[in-house]
Amino acid sequence: MSEKLQKVLARAGLGSRREMEAVIAEGRVSVNGEIVTLGSRVEETDKVRFDGNPVQIITEEENVCRILAYHKPEGELCTRKDPEGRKTVFDRLPPLKGGRWIAIGRLDINTSGLLLFTTDGELANRLMHPSHEVEREYSCRIFGEVTPKIIQNLRMGVELEDGPAKFQKIKGVAAGTGGEGLNQWYNVLLSEGRNREVRRLWESQGIQVSRLIRIRYGSLVLDRRLPRGGWSELALDEINYLRAIVSLPPETTARNLDRKETRIRQGRIRRSLKNNEARQKPKKDGRLGGEIEETNETRGKGRKPAGSGIPINGKKRPVKQRHPKKGPVKTRTRM
């Protein structure tokens, strides 16, 4: 059974249907060696190429919608490739065969927190569209005096360079206040995802945001157990929740990691992040830390050098002491 070409391309993870329509109109897609036009249909046996690269045709029965929840750290860009060689949010994601991960929205380089990725281009496009008004909650540390007038302005709406904007809700860290002093924490709620909107709203009142974390997207909350730079795959009910709020049919199957595999992956991510931080942390003499091996393999029971005194498998080995003339001296350990 034939399908519209833009639908097949979107299912392969190349972008939304609207983006694929523009790509087809530009003459960048060929079917069986011939450049096609908008409105073309393809069969499962056709050979499709996008910018000269083959596209794997995935039928609706074979297609499984996958969604990742990623804990974005500060300093990563929401782009696939940075010309300056900086880290991106795609660097740590698991590889895909016959598709690619699509970011649902963006967070700027200085913002951390919950970021979703999916293999379904149509789902990503609908969730990002402002007409669906998906709630996004942020925790922000601000610098400056927040008066009741400022709170009222941000709730009623202010005029930004790209149109009016406002917070649906503003809540302090305790008892309706943001804390004491000029550094205070507030949780704010938006129903759209314009560029740097949270920061610009506060800046319109002369308040600076020193730290910003997205803690919720819709009803999905950032898991505190998920390390920065780590990801976890959403369960079927969570996937269908996101599909329902943008009027897409539910999925019947999902690829999920079991709890044991999830713990193993998260443990590896924690070790990798810890090693990377140790490598980048300067020593007292100004030099960076030494190279630390990063591996996804389980740790073995290798022997430590004699005399190290480092615990191995929870037991401390006795340290051999050397006599200046007679050589090694046997040591006794009490049982």
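Data block above holds the structure.
No experiment lies behind these values; they were computed from the predicted model shown.

Comments concerning the overall build of the protein chain
Right, on to step 1. When its secondary structure is counted, the protein chain shows seven helices and 19 strands.
Right, on to step 2. Carbon and sulfur atoms provide 48% of the accessible area of the protein chain, an area that totals close to 21,400 Å².

Considering the side chain of Asp46
Right, on to step 1. With respect to the secondary-structure elements, Asp46 resides in the loop between strand S4 (41-42) and strand S5 (48-50).
Right, on to step 2. Polar contacts involving the side chain of Asp46 include one to the side chain of Asn32, which spans 3.1 Å.
Right, on to step 3. Engagement of the side chain of Asp46 in a polar contact is seen with the backbone nitrogen of Glu43, the distance being 2.7 Å.
Right, on to step 4. Setting aside chain neighbours within four positions, we find Asp46 in contact with Val31, Asn32 and Ile57.

Re the environment of Arg194
Right, on to step 1. Structurally, the position occupied by Arg194 is in the loop between strand S14 (183-190) and helix H5 (197-203).
Right, on to step 2. Setting aside residues no more than four positions away along its own chain, Arg194 makes contact with Asp162, Gly163, Pro164, Ala165 and Arg200.
Right, on to step 3. Within polar-contact distance, the side chain of Arg194 engages the side chain of Asp162 at 2.9 Å.

Points about the packing of aromatic side chains
Right, on to step 1. Per the counting criterion, the structure on display carries four aromatic pairs.
Right, on to step 2. Aromatic side chains Phe167 and Trp202 sit 6.0 Å apart centroid to centroid with 50 degrees between the ring planes, which places their arrangement in the tilted category. Here the residue Phe167 occupies a position in the loop between strand S12 (163-165) and strand S13 (169-172), and Trp202 occupies one in helix H5, the gap between them amounting to 35 residues. Each member of the pair, Phe167 as well as Trp202, is classed as buried.
Right, on to step 3. Ring plane angle 50 degrees and centroid distance 5.7 Å describe the contact between Tyr186 and Trp202, whose orientation is recorded as tilted. You can see Tyr186 sitting in strand S14 and its partner Trp202 sitting in helix H5, a full 16 residues away along the chain.
Right, on to step 4. The rings of Tyr70, Phe90 and Phe117 are connected pair by pair, giving a single aromatic cluster.

A short note on the pattern of salt bridges
Right, on to step 1. Enumeration according to the criterion identifies 22 salt bridges in this entry.
Right, on to step 2. Residues Glu76 and Arg92 are paired through a salt bridge, measuring 2.8 Å at the closest nitrogen-oxygen approach. Note that Glu76 is positioned in the loop between strand S7 (67-72) and strand S8 (102-104) and Arg92 in the loop between S7 and S8, a separation of 16 residues in sequence.
Right, on to step 3. Classification of Glu76 by relative accessible area gives buried; the value is 4%.

Definitions and limits used
- Residues numbered from 1 in each chain as written.
- Predicted model: local features only at pLDDT ≥ 70, side-chain atom pairs only at ≥ 80, totals over all residues.
- Heavy atoms only, no water.
- Helix = DSSP H or I, 4+ residues; strand = E, 2+ residues; numbered from the N terminus.
- Areas by Shrake-Rupley, 256 points an atom, 1.4 Å probe, with all protein chains shown as cover.
- Polar contact = N/O pair within 3.5 Å; in protein donor to acceptor, adjacent residues only side chain to side chain.
- Contact = heavy atoms within 4.5 Å.
- Phe/Tyr/Trp six-rings, centres within 6.5 Å; stacked < 30°, edge-to-face > 60°.
- Buried < 20%, exposed > 50% of the residue type's maximum accessible area, 1.4 Å probe, protein only.
- Salt bridge = Lys/Arg side-chain N within 4 Å of Asp/Glu carboxyl O.

Read these as spatial facts, not as claims about activity.
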